[in-house]
Amino acid sequence: MVVDEPGLRSLPLVGHERGLALVFPDLADAARDCRFRDCTHTHEPGCAVRALLESGAVRRPKYDAYVALAGEMRSSLGVLDPDVVL
Ligand SMILES: [Zn+2]
């Protein structure tokens, strides 16, 4: 269901991390092996997600989609009221 009403500027993607992991199982698996837990998979050393891209195991469009969606979820976390449990 899509809700459209004044004041709703974006759909927070919080809570869809499992969906992301289902769509990108190889990348989600690799993300657990990143050196840093808050890795954005763009520039950090020891990034297992970028290693998959660099080895050719994952193609650029898939990597870009994963990084964009994961980044969106991460920024949604920061804008939600911390007292609201979804
Ligand atoms: Zn990473």
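Refer to the structure printed above.
Thresholds, definitions, all that
Residues numbered from 1 in each chain as written. Predicted model: local features only at pLDDT ≥ 70, side-chain atom pairs only at ≥ 80, totals over all residues. Heavy atoms only, no water. 1 Å grid on protein atoms, 1.4 Å probe; cavity = no way out; pocket = protein on both sides within 12 Å on 5 of 7 lines; lining within 4 Å. Points joined across faces, edges and corners; volume = space filled by probe spheres on them. Helix = DSSP H or I, 4+ residues; strand = E, 2+ residues; numbered from the N terminus. Nonpolar A, V, L, I, M, F, W, Y, C, P; charged D, E, K, R; others polar. Donors = N, O, S within 2.8 Å, 3.2 Å for Na, K, Ca; no water. Tetrahedral: all angles 85-135°; square planar, octahedral: opposite > 155°, others 65-115°. Buried < 20%, exposed > 50% of the residue type's maximum accessible area, 1.4 Å probe, protein only.

*Asks:* Looking at this model, I keep getting lost on the layout of surface pockets. Mind explaining?
*Replies:* To find leftover empty space, one rolls a probe the size of a water molecule over the atoms. Each pocket or cavity is described by its volume, and for the largest pocket that value is around 670 Å³. As for the largest pocket, its lining consists of 20 residues, of which Glu-17, Ala-31, Arg-37, Tyr-66 and Arg-74 are closest to the centre. Looking at the lining of the largest pocket, the elements that each hand over two or more residues are helix 1 (17-23), helix 2 (25-31) and helix 4 (60-79). In terms of residue count, helix 4 provides more of the lining of the largest pocket than any other element does, five residues in total. Residue classes in the lining of the largest pocket are distributed as 13 nonpolar, one polar and six charged.

*Asks:* Hey, could you run me through the coordination of the zinc ion in this one?
*Replies:* Ideal geometry at a metal centre gives angles of 109.5 degrees when four donors are arranged tetrahedrally and 90 or 180 degrees when six donors are arranged octahedrally. Only Cys-34 (SG), Cys-39 (SG), His-41 (ND1) and Cys-47 (SG) from the protein reach the zinc ion as donors, at distances of 2.1 to 2.3 Å. With four donor atoms in place around the zinc ion and angles of 104 to 114 degrees between them, the coordination shape is tetrahedral. For the zinc ion, all donor residues lie on one chain, and their spacing in sequence is C-x4-C-x1-H-x5-C. Judged on exposure class, the residue Cys-39 and its partner Cys-47 are both buried.

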